[in-house]
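Below are the chains, spelled out letter by letter.
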Amino acid sequence: MSEQLQNKRHTLAHLLGAAVLQNYPHAKLTLGPAIDNGFYYDFDFSGGPTLGDDGLKDVQKSMKKILNGWTGFSHREVSVEEARELYQDNPYKLELVNEINERGEKITLYTVGTFTDLCRGGHCEHPNKDLDTDAFKLDKVAGAYWRGNEKNPMLSRVYGLAFDTKDELVAYQTQIEEAKKRDHRKLGKEMDLFTFSDLVGAGLPLWTPKGTIVRHLLDEYMWQLRSKHDYQRVTIPHITKKDLYEKSGHWEKFGDELFRIKTREGKEYALKPMNCPHHTQIFDRHPHSYRDMPQRYAETTMVYRDEQSGELGGLTRVLSITQDDSHVFCRQTQVKEEFFRIWDIVDTFYTTFGFAEMRVRLSFHDPSDMEKYLGTPEIWQSAENALREIAAERKANFFEATGEAAMYGPKLDFMAKDSLGREHQVATIQLDMNLPERFDLTCINEKGEKERVVMIHCAIMGSIERFTAVMTEHLGGNFPLWLAPEQVKIIPVNDAHLPYADTVYQTLKAAGLRVTLDSDNESMGKKIRAAKTDRLPYFIVLGDQEVADQTVTLEKRDGTKQVVSITDLTTLLVTEVAEKRN
Ligand SMILES: [Zn+2]
Ligand SMILES: [Zn+2]
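In this text the structure is predicted, and so the values were computed from the model without any measurement.

(A) Structural detail: the coordination of the zinc ion (ligand 1). Bound to the zinc ion (ligand 1) on the protein side are H10 (NE2), H14 (NE2), C119 (SG) and H123 (NE2), at distances that span 2.0 to 2.1 Å. Considering all four donor atoms around the zinc ion (ligand 1), the spread of angles at the metal, 99 to 125 degrees, places the coordination shape in the tetrahedral class. Positions of the donor residues of the zinc ion (ligand 1), expressed as sequence spacing, correspond to H-x3-H-x104-C-x3-H. Highlighted residues: H14 in helix α1 (residues 3–23) and C119 in the loop between β6 (115–118) and α5 (127–130), separated in sequence by 105 residues.

The following block contains the structure:
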């Protein structure tokens, strides 16, 4: 955010503090910063009535009134004694005063109108002129612990939205409303894609028949793209002896996230949190000549990670994660080409869904925290330099992020913007020189010597769960024809039209389309409404006219209609599926 907007939001936090004090004189002010979409202030209301959502309107009115008298800020430095005296009844501000004092910084008080607050500065010069009273709005009240620590008292956090103009505020509110409507947890239920069971547990989605169709289609498409680049499918068990993860380093570094299993004979096993260690053992089954390199293995399979239950919700954080995983074992000299191949797949895949421009994050290790990682600083530097070169050569829109690497190597993370302008981390490609070292993976080079190989890890969808969530919200549930679990619904007007409806149904079914015939005794209006809430790409209503003409009236999700013959109908739909139009 610009400094100017930051100052406005910060000033509004003070204004909120002043208005709350006017309406709730017993309130104790604590901290109130500017945030991404506005500002907040944390209050302790324990000495009297508490401000709830229903009180926000009055506080907002007071803010607007008070603002009239806010012509400018003045400030003065005070001694620690004076500040302590001033805040003797406010333990929160007292704590802040003492901290500022310990840091050896100056203690400053800012006054505007009749309101004074402990502050470091950074305000609008003339609040009454600079702030547009239509460009901010109090949003909600939520609980928050003092300084985010659950051992501290619970405070009331009052949130406000604030932008430069009213239009920006309205646009933001519209986007939030739209995001709520598109929430994948809501749409997933309406579209009957997945469900959860208390008996199975939180974070363990159960995929319904419709959801499973979607998963398979996504995976099939991914495989189609991969097979062009000569990937081979492999299959591994979901558990392993502890020994594999001791060698890979996962036993130690994955820590509490690893689901551990003890057998009846007392042997230690684990559920796989990643597939890489298993895949190394497939590569290592026999020696490889340089002529056989690279080896490209792909597998769509679940991995399991023990997340804390408080962090689970919908498909974005789950314990059972389906990765469209792949591992390329190649020579150093082949890294660039392999990255470019994967990059092509990423581009094709995300373009198919209409995601706008992608940004690339080079996720590097944090040199000050080497305990988190496998391998030496030299290996890391060389891997990170290789990624820098690749991103530059590809002319990508990239930036670097320290501390975001995987434990075994740096990553190239793709960030896609969805139709609501939100950015999501999607695909990831990782360069790994550490696991090949640990498992002593080599190929025999031209000179007949053993040569260390490198591994490239890649999941294009990231996980099917996360991708389904992101894609569902991006499309608002309006899946393209090729991906819709139910593609066409045929609705005969009454029983007399059933035989003709059945002919159309059989023809489309034979052409491989996912079609249903709705012969229930419901009213037409109700059936059509159901087809719309199910977000069906197409439905067909058949009546006397259609039977007489041997045609169908095809209605698209957006309401457009066309009358076609049965043969043309089949061609039209099959082509749309084959071309994966969105
Ligand atoms: Zn301030
Ligand atoms: Zn991997």
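So much for the structure itself; the text now carries on.
(B) Region of interest: the coordination of the zinc ion (ligand 2). Within the protein, the zinc ion (ligand 2) binds to C276 (SG), H327 (NE2) and H457 (ND1); these donor distances fall in the range 2.0 to 2.4 Å. Motif for the zinc ion (ligand 2), donor spacing along one chain: C-x50-H-x129-H. Pair noted here: C276 is in helix α11 (residues 276–283) and H327 is in strand β16 (residues 320–330), with a separation of 51 residues, a long-range link. Judged by its relative accessible area of 0%, H327 is buried.

(C) Fine view of unusual backbone geometry. Each neighbour pair has its own omega, and for M293 with P294 the value is 0 degrees, a cis peptide bond. You can see P294 is positioned in the loop between α11 and β15 (295–304). In this structure, D192 is a non-glycine residue whose phi angle is positive, near 55 degrees. Within the secondary structure layout, D192 lies in the loop between α7 (184–190) and β9 (194–195).

(D) Seen up close, the nonpolar core. Judged by nonpolar contacts, the single largest core of 59 residues is most densely connected at L218, F349, Y350 and F414. For this core, the element with the highest residue contribution is helix α12 (residues 335–352), accounting for nine residues. Setting aside anything within four residues of it in sequence, one finds Y350 in contact with F355, M358, V426, A427, I460, M461 and F467.

(E) The arrangement of the packing of aromatic side chains in detail. Overall, the coordinates contain 25 aromatic pairs when judged by the stated rule. On the basis of an interplanar angle of 65 degrees and a centroid distance of 5.4 Å, the ring pair of Y221 and W482 is categorised as edge-to-face. Here the residue Y221 occupies a position in helix α8 (residues 209–227), and W482 occupies one in the loop between α15 (464–475) and β24 (488–492), the gap between them amounting to 261 residues. The buried category is assigned to Y221, whose relative accessible area is 6%. Positioned over the ring face of F163 is R9, at 5.1 Å from the centre of the ring. Just above the ring of W223 sits the side chain of R233; from NZ or CZ to the centre is 4.2 Å.

(F) Molecular detail of helix α19 (residues 566–578). For α19, with 13 residues, the first-to-last C-alpha span of 18 Å sits near the 18 Å given by 1.5 Å per residue. Those residues of α19 that are buried are in contact with β24, α16 (498–510), β26 (538–542), β27 (551–556) and β28 (561–565). Of the residues one or two after α19, K580 is the one with positive phi, at around 50 degrees.

Rules of the game
Residues numbered from 1 in each chain as written. Chains lettered and ligands numbered in written order. Predicted model: local features only at pLDDT ≥ 70, side-chain atom pairs only at ≥ 80, totals over all residues. Heavy atoms only, no water. Donors = N, O, S within 2.8 Å, 3.2 Å for Na, K, Ca; no water. Tetrahedral: all angles 85-135°; square planar, octahedral: opposite > 155°, others 65-115°. Helix = DSSP H or I, 4+ residues; strand = E, 2+ residues; numbered from the N terminus. Buried < 20%, exposed > 50% of the residue type's maximum accessible area, 1.4 Å probe, protein only. Core = buried A, V, L, I, M, F, W, Y, C linked by side-chain atoms within 4.5 Å. Contact = heavy atoms within 4.5 Å. Phe/Tyr/Trp six-rings, centres within 6.5 Å; stacked < 30°, edge-to-face > 60°. Lys NZ or Arg CZ within 6 Å of the ring centre and 35° of its normal. Expected span 1.5 Å × (residues − 1).

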